[in-house]
Amino acid sequence: MSHPLLDLTPLTATHFADIERRVASLLRTEQDVVIMQGEALLPLEGCIKGAAHPGSTALNVVTGPYGQTFGNWLRDAGANVIDLAVPFHTAVTAAQIEQALAEHPGIDFVSLVHAEAATGNTNPVAEIGEVVRAHGALFMVDAVASVGAEPLLTDEWGVDLCVIGAQKAMGGPAGVSAVSVSGRAWERMAANPAAPRRSYLSLLDWKERWIDGGRRALLHAPAQLEMLALEACLERIETETLDAVIARHASAAAAMRAGVLALGGGPAPYVHEAREAAPVATTLRAPAGVDASELVAKALAVDPSVPLIAGGGALASEMIRVNHYGVDAAPGVVESSLAALGAALGEYGLTADVEAARKAASTAW
Ligand SMILES: *Cc1c(COP(=O)(O)O)cnc(C)c1O
């Protein structure tokens, strides 16, 4: 029996290299791009283990849970780690980074999350890139939640290691991911005796065996379905245009924020300043005395199609996430999310004005 997902012809090296080129264009980079055969945590860990080592000093910016994960990997790699944590309702500023660099001149690596889907904030990478470059440290950015949702100018911003996944704003597969690597970053890894080699985590393996070999022989059979899905998702973005996809996410975030403010009934934007709120997802603070997980469950019982989820871990009781990304960055999804939230608030006896919320959202879009 034939099946659309089975009996596929193998993905060729030429085809693989072509998908890499399209990712590089999406990232606005002329640097090497490696498509890693696993979810985005694979290149993120590969970058950190490749660049950090005993004797290196890393500035790890924590604006959400992913920054906490990076700090743990950096410590595992033996680096001296300086954590710069900011409250999750805000973004880090370039001035804070500049001050940390001035206080610790030995910093040779900076890790930063561009946008955090988990907390709903976005950080000013362009300005931060300038101060990191002036200091001379290697700059790693996790752009999984920003790619496709907001501008991402890898080379212009001086990002040495830029990691993306397709599963958020790109509306693509979660099983492959990509990283752009600057010449400086390759040099750093090559000089690091502790960098993973002959390992699934190794970026150097891809450099030596794939890139330096002229992209003729893949290291192993690629994750074929995920690669084809990534290609389809790049094609769809190219057709809609990246600018239009980014504008759709900006509109969704603006509409959701305006809608919630007009809705009333208690929930408020979690990120205080609109300019620090990520276009990929809007986070809300649950009304006083209301458990966010329970509120989300009630909203999903009203409308199971809305992209609502409670915050992860310790945030589960206080944070509501509206994941308006990918195809869900659409006016109808924002409206139904507001309607479901309004209905759920009603069950607590809280008064929400769904009609006013709809109007405000539609105006803001
Ligand atoms: C979603 C996301 C990832 C990928 O992690 P998953 O939990 O597998 O989705 C990595 N970094 C950031 C900032 C993300 O938002």
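In this text the structure is predicted, and so the values were computed from the model without any measurement. Think of each chain on its own: its residues are numbered from 1, step by step along the sequence as written. Confidence filtering applies because this is a predicted model: local features only for residues at pLDDT of at least 70, side-chain atom pairs given and counted only at 80 or more, and all residues used for totals across whole chains, interfaces and linings. For the side-chain quantities, the full set of heavy atoms in the structure was used; hydrogens and water were omitted.

Participant: Where do I start with the UniProt feature "domain: Aminotransferase class V" (unreviewed entry) in the chain in this structure?
Facilitator: UniProt tags residues 75–268 as "domain: Aminotransferase class V" (unreviewed entry). A run of DSSP states H or I qualifies as a helix once it reaches four residues; a run of E qualifies as a strand once it reaches two. Both are numbered from the N-terminal end. Secondary structure over residues 75–268 splits into 41% helix and 15% strand, and the C-alpha atoms at its two ends are 36 Å apart. UniProt positions are given in the numbering used here, feature names are shortened, and annotations may be inferred rather than shown by experiment.

Participant: Any chance you could explain the domain arrangement of the chain here in plain terms?
Facilitator: How big an interface is tends to be stated in terms of the accessible area lost upon association of its parts. The domain limits used here are those given by an automatic or database domain assignment. Each domain of the chain was delimited in the assignment, giving domain 1 (13–239) and domain 2 (242–364). One C-alpha centre belongs to domain 1, the other to domain 2; they are set 29 Å apart. A contact between two residues is defined here by any heavy atoms of the two lying within 4.5 Å. With 24 residues of domain 1 at the contact, the number on the domain 2 side is 21 residues. Here domain 1 packs against domain 2, burying approximately 1900 Å² in sum over the two surfaces, 64% of which is carbon and sulfur. Once two parts are put together, the accessible area they lose, assessed with a 1.4 Å probe and summed over both, is termed the buried area.

Participant: Looking at this structure, I do not really get the packing of aromatic side chains. What am I missing?
Facilitator: Two numbers describe a pair of aromatic rings. These are the distance of the centres and the angle of the planes. Stacked, edge-to-face and tilted are the three classes for Phe, Tyr and Trp ring pairs, Trp counted by its six-membered ring, which pair at centre distances within 6.5 Å; planes under 30 degrees apart are stacked, over 60 edge-to-face, the rest tilted. The full count for this structure, using the stated rule, is four aromatic pairs. Taking the centre distance of 5.9 Å and the plane angle of 10° together, the rings of Phe-16 and Trp-206 count as stacked. In this pair, Phe-16 sits in helix H1 (residues 13–26) while Trp-206 sits in helix H7 (residues 203–211), placing the two residues 190 residues apart along the sequence. Pair check on accessibility: Phe-16 and Trp-206 agree, each one buried. With centroids separated by 6.0 Å and ring planes inclined at 20°, the aromatic side chains of Phe-70 and Trp-73 adopt a geometry described as stacked. Taken together, the residues span about one helical turn, with Phe-70 and Trp-73 both in helix H3 (residues 65–76) at a distance of three residues. Note on classification: 1.4 Å probe, protein chains only; a residue is buried when its accessible area is under 20% of the maximum for its type, exposed when over 50%, partly exposed between these limits. What makes Trp-73 buried here is its relative accessible area of 11%. Aromatic rings pair up to connect Phe-16, Trp-206 and Trp-210 into one cluster. Throughout this description, the term charge over a ring refers to an Arg CZ or Lys NZ atom that lies within 6 Å of the ring centre and within 35 degrees of the ring normal. In this structure, Lys-298 packs its charged tip against the face of Tyr-348, placed 5.4 Å from the ring centre.

Participant: It is not clear to me how the pairing of strand S2 (residues 57–62) should be interpreted in this structure. Could you clarify?
Facilitator: Regular strands have side chains that alternate between both faces of the sheet. By the criterion of burial, S2 is predominantly enclosed, with six of the six residues buried. Here, any two strands with at least 2 DSSP bridges between them count as paired. Taken together, the six bridges between S2 and strand S3 (residues 80–85) define a ladder with parallel strand orientation. If you follow Leu-59 over to S3, its bridge partner there is Ile-82. Note on the crossover from S2 through H3 to S3: the handedness is right-handed. Where S2 lies against strand S4 (residues 107–113), four bridges are found, and the strand directions are parallel. The partner of Ala-58 across the bridge, within S4, is Phe-109. Seen with its strands pointing away from the viewer, a crossover is right-handed if its path from the first strand over the helix to the second goes clockwise.

Participant: Just to check I follow, could you spell out the nonpolar core for this structure?
Facilitator: Most often, soluble globular proteins keep nonpolar side chains buried together rather than apart. Among buried residues, the Ala, Val, Leu, Ile, Met, Phe, Trp, Tyr and Cys ones that are joined through side-chain atoms within 4.5 Å form a nonpolar core. Ile-97, Leu-161, Ile-164 and Met-170 are the most contacted members of the largest nonpolar core, which totals 85 residues. Both domain 1 (13–239) and domain 2 (242–364) contribute no fewer than three residues apiece to this core. Dropping the residues within four chain positions of it, Met-170 is found in contact with Leu-26, Val-147, Ile-164, Gly-165, Leu-230, Cys-233, Leu-234, Arg-236 and Ile-237. Formed by 26 residues, the second largest nonpolar core is a distinct cluster that contains Ala-255, Ala-299, Leu-341 and Ala-357.

Participant: What should I look at first to understand the site of the ligand in this one?
Facilitator: We call a residue near a molecule or strand when any one of its heavy atoms sits within 4 Å of it. Taken together, Glu-39, Tyr-66, Val-113, Ala-115, Ala-117, Asp-142, Val-144, Ala-145, Gln-167 and Lys-168 make up all the residues around the ligand. We define a polar contact as two N or O atoms separated by no more than 3.5 Å, with the added condition that, inside protein, one atom must be a possible hydrogen donor and the other a possible acceptor, whereas residues neighbouring each other in sequence contribute only through side-chain atom pairs. Taking Asp-142, its side chain carries an N or O atom lying 2.6 Å from a nitrogen atom of the ligand. Side-chain polar atom of Lys-168 to an oxygen atom of the ligand: 2.7 Å apart, as the coordinates give it. Method for areas: the Shrake-Rupley scheme with a 1.4 Å probe, in which residue coverage is limited to the protein chains shown. With the chains in place, 82% of the 380 Å² that the ligand exposes on its own is no longer accessible. A class-by-class count of the residues in the shell around the ligand yields six nonpolar, one polar and three charged. Three categories are distinguished: nonpolar for Ala, Val, Leu, Ile, Met, Phe, Trp, Tyr, Cys and Pro, charged for Asp, Glu, Lys and Arg, and polar for the others, with Gly belonging to the last.

Participant: What is the right way to look at the environment of Ala-339 in this model?
Facilitator: The topology assignment puts Ala-339 in helix H11 (residues 331–347). A sequence separation of 16 residues divides Ala-339 from Glu-355, and the C-alpha atoms of the two residues are 8.5 Å apart.

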